[in-house]
Amino acid sequence: MRLDPDGGPLLVDGPVEVVTEDGTTHFSHRPTVALCTCRRSARYPWCDTSHRARAPERADAPDSPEEEPR
């Protein structure tokens, strides 16, 4: 398993079987799957990259240029 350091999905080597809180079982036979950790995904428990829309700005992100391009 690998957790995205930017608050994204949990990457799991497949195949996987996921049982959600309501007892529903989801299967994937893919070599690697991305599990949603933010609960914004329309395809939950699978990640659909919805976390990117509300990702907090990173402190180490480059600053914007001081001057506007001409």
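Residues take numbers from 1 onward in each chain, read along the sequence in its written order. Side-chain atom pairs in this predicted model are given and counted only at pLDDT of 80 or more, local residue features only at pLDDT of at least 70, and totals for whole chains, interfaces and linings cover all residues. Side-chain measures were taken over the full set of non-hydrogen atoms in the model, leaving aside hydrogen atoms and water.

Some remarks on the confidence of the model for the protein chain
Considering every residue of the protein chain, the mean pLDDT works out to 80; 66% of them sit at 70 or more. The predictor attaches a confidence to each residue, called pLDDT, with possible values from 0 through 100. Helical segments are the DSSP runs of H or I of at least four residues, strand segments are the runs of E of at least two, and each set is numbered from the N terminus. When mean pLDDT is compared element by element in the protein chain, strand E4 (residues 25-28) scores highest at 96, while strand E1 (residues 2-3) scores lowest at 63.

Description of the environment of Ser 41
You can see Ser 41 is positioned in the segment after strand E5 (32-35). Ser 41 gets classed as buried once you look at its relative accessible area, which sits at 9%. As for Ser 41 and His 51, which are separated by ten residues in sequence, their C-alpha atoms are 7.6 Å apart. The residues touching Ser 41, leaving out its near neighbours within four places in the chain, are Cys 36, Trp 46, Cys 47, Asp 48 and Ser 50. A distance of 3.0 Å separates the side chain of Ser 41 from the backbone nitrogen of Arg 43, its partner in a polar contact. Pairs of N or O atoms within 3.5 Å make up the polar contacts considered here, provided that, within protein, one atom can donate a hydrogen while the other can accept it, and that residues adjacent in sequence are counted only when both atoms are side-chain atoms. For Ser 41, the side chain forms a polar contact with the main-chain nitrogen of Tyr 44, separated by 3.4 Å. Type-normalised accessible area, obtained with a 1.4 Å probe on protein chains alone, sets the label of each residue: buried when under 20%, exposed when over 50%, and partly exposed for intermediate values. Residue contacts follow a heavy-atom distance rule, with two residues in contact if any of their heavy atoms lie within 4.5 Å.

Details of unusual backbone geometry
At the junction of Gly 14 and Pro 15, the peptide bond is cis and its omega measures out at 0° in the coordinates. Examined against the element boundaries, Pro 15 turns out to sit in the loop between strand E2 (10-13) and strand E3 (16-19). Along the chain, Tyr 44 connects to Pro 45 via a cis peptide bond; the corresponding omega equals 15°. If you trace the backbone, Pro 45 turns up in the segment after E5. The phi dihedral of Arg 39 falls on the positive side, at around 65°, and the residue is not glycine.

Quick notes on the pattern of salt bridges
What counts as a salt bridge is simple: a side-chain nitrogen of Lys or Arg found within 4 Å of a carboxyl oxygen of Asp or Glu. Inspection of every chain in the model, using the stated rule, returns one salt bridge. For the salt bridge of Arg 39 with Glu 21, the shortest nitrogen-to-oxygen distance reads 3.0 Å. Placement of the pair is Arg 39 in the segment after E5 and Glu 21 in the loop between E3 and E4, with a sequence separation of 18 residues. What makes Glu 21 exposed here is its relative accessible area of 73%.

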